[in-house]
Amino acid sequence: MKVKRFFAQTMAEALKQVSNEMGPDAVILSNRRVDGGVEIVTALDYDENMARQRLGDKAAEATNGSRLAEMQADQHRHLESELTRSRSRIQEVREKRASAGARYTGVAFDDATLEQAEPEQPVADEAPADGAGYNSELASMKAEIESLRDLVRGNAAASQPKKPEGPGNAVQQRLSERLQEFGLGHELAGTLAQQNRNARLEDAWKQSLKMLATGVRTARHSWLEAGGVYALVGPTGSGKTTTIGKLAARYVLEHGPDSLALVTTDRYRVAAHEQLFVFGRILNVPVRVVDETHSLDDILDELSDRHLVLIDTAGLTSSDRGYQEQLAELARSHHNIRSHLVVSATSQPRIMKSVWHCYKMANLAGCVMTKIDEALTLGESLGFVMETGLPVAWYTDGQKIPEDLHRAQAVPLVRLGVERLRAMQHSQAVAEGA
Ligand SMILES: Nc1nc2c(ncn2[C@@H]2O[C@H](COP(=O)(O)OP(=O)(O)OP(=O)(O)O)[C@@H](O)[C@H]2O)c(=O)[nH]1
Ligand SMILES: [Mg+2]
């Protein structure tokens, strides 16, 4: 499916452009009056199923075909304007560097805008003042977290929350409820509450958050800085291609396009590469497609001089043709491909878990959390990464390229989760008062 936008002063002129460039089979997704003329968004080989896939969760809002087409057109406009903005920012940075006499060195990463790896720290306002005490507390918490992970991973019976006993009962009960409101599953909330039952509720709550922050692993290095080959896998609509666009744009802003390449293994869906090719064209970065005549390893051999290679994949489920093939080629590659699972923070915990089982065979090195902006609470995602032990490399919180992409750090993520909980409680209180 090829989507293209046309602009002309009159509708007749716009339609003429469409017919000249797209031919008689083009479908009009939307037409509207804009400043100075008329804009038409068209598609060739328009496919409703693919449009739904591209829209992800939002497709549910499209109650009929024409609304779906409009939403597809909106998405295309949005993508184009984001890319135009990125392009002008890249240009600006280039010009600034040129006028400052700076030379691009390929792997020098001294730009202050690049987020630096930050060691995991406790939630700031709860950190004990004395450093040595804190270190030993952290070590003991880490040990506890390890045992918690074992519990929630493997031994379901052992991880069943115990019935509250003794004087800490009420605190344990209320803490478990609050942790569940935060978004954690019943079992993990119960286990954490049990570990912290002998304190005042507020202290036990803070202690639980610290344990959570310690239990959430994050990537130590920025991919952009460390370089290497990274593949994004995950269900359809989870945000793989958009995240690759954000990473690529961020990389080009910092280092230029010469040492970056994009690859896609998606040869299963009609016109599947369109979005990635748009990124490639705008950023001036090569895009390679794995197919019958070009294996993944052949392509990676050819790209071995690139500092960073980002691999996009098709969002397939185990019942889809190509699912096994795609994951197997990642897993058996002789290149060191670090595959990361892309999980939407809006997914139900059970779905996250089943997705993880589905994609484990790609030898997952970590995960990327997307759509944090759309999630009501973050405990579901934090519980998921704690239970699976997958380090979180990045999280995304919107569609802006590349701004809505962030290096994941445990403490800020937990803090964000607390803010979401407060916001949710506040709106509940308002609704109840109304
Ligand atoms: N709100 C929000 N939307 C996002 C975010 N990341 C991606 N999206 C949107 O989610 C939808 C699907 O994103 P894609 O990147 O196409 O998803 P994908 O995983 O490549 O999907 P497939 O190619 O079908 O497997 C698009 O509308 C994106 O703009 C995010 O962090 N926040
Ligand atoms: Mg995609």
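Quick caveat, the model's predicted, so the values are computed rather than measured. (Residues numbered from 1 in each chain as written. Chains lettered and ligands numbered in written order. Predicted model: local features only at pLDDT ≥ 70, side-chain atom pairs only at ≥ 80, totals over all residues. Heavy atoms only, no water.)

Draft legend 1. The arrangement of the pattern of salt bridges in detail. Inspection of every chain in the model, using the stated rule, returns 14 salt bridges. Among the ionic pairs, Arg67 bridges to Glu70, the shortest N-O distance being 3.4 Å. Remark: Glu70 and Arg67 occur in helix α3 (residues 65-99); sequence separation between them is three residues, near one turn of the helix. Relative accessible area serves as the criterion here: at 38%, Glu70 is assigned to the partly exposed category. (Salt bridge = Lys/Arg side-chain N within 4 Å of Asp/Glu carboxyl O. Helix = DSSP H or I, 4+ residues; strand = E, 2+ residues; numbered from the N terminus. Buried < 20%, exposed > 50% of the residue type's maximum accessible area, 1.4 Å probe, protein only.)

Draft legend 2. Expanded view of the packing of aromatic side chains. On inspection of all chains with the given rule, the structure shows four aromatic pairs. Judged by centre distance (5.9 Å) and plane angle (90°), the ring pair of Trp223 and Trp394 falls under edge-to-face. Taken as a pair, Trp223 in helix α9 (residues 223-226) and Trp394 in strand β10 (residues 392-396) lie far apart in primary sequence, 171 residues in all. You'll find Trp223 and Trp394 in the same group, each marked buried. (Phe/Tyr/Trp six-rings, centres within 6.5 Å; stacked < 30°, edge-to-face > 60°.)

Draft legend 3. The arrangement of the sheet that holds strand β3 (residues 37-44) in detail. Spatial ordering of the open sheet is given by β1-β3-β2, a layout of three strands whose pairing is antiparallel. On the outer flanks of this sheet lie β1 (2-8) and β2 (27-34), each paired with one strand and no other. Across the sheet, the axes of successive neighbouring strands diverge by a mean angle of 15°, strand direction being ignored. (Pairing = 2+ DSSP bridges. Axes fitted to C-alpha atoms, helices over the stretch in contact; angles between N-to-C directions.)

Draft legend 4. Broad picture of the sheet that holds strand β7 (residues 308-312). Taken together, the eight strands give an open sheet; going across it, the order is β6-β5-β7-β4-β8-β9-β10-β11, and neighbouring strands pair in mixed fashion. The open sheet has two free edges, formed respectively by β6 (287-289) and β11 (405-407), since each of these has just one partner strand. Looking at each pair of strands side by side, their axes are set apart by 25° on average, direction ignored. Its contacts with the sheet place helix α14 (residues 349-359) against β4 (228-233), β8 (337-344) and β9 (364-370), and it is angled at close to 160° to β8. (Contact = heavy atoms within 4.5 Å.)

Draft legend 5. Spatial organisation of the packing of helix α6 (residues 169-182) against helix α7 (residues 186-195). Remark: α6 packs on α7, axes separated minimally by 8 Å, with the N-to-C direction vectors making an angle of 140°. It follows that α6 is oblique to α7 by the angle criterion. You can see that α6 and α7 cross each other, and the crossing is right-handed. Packed against α6, whose contacting residues are Gln172, Leu175, Ser176, Leu179 and Gln180, the element α7 presents His186, Ala189, Gly190, Leu192, Ala193 and Gln194 at the interface. The residue inventory of the contact of α6 with α7, partitioned by class, reads five nonpolar, six polar and no charged. (Parallel < 35°, antiparallel > 145°, perpendicular 65-115°, else oblique. Left-handed = near helix turned anticlockwise from the far one by under 90°. Nonpolar A, V, L, I, M, F, W, Y, C, P; charged D, E, K, R; others polar.)

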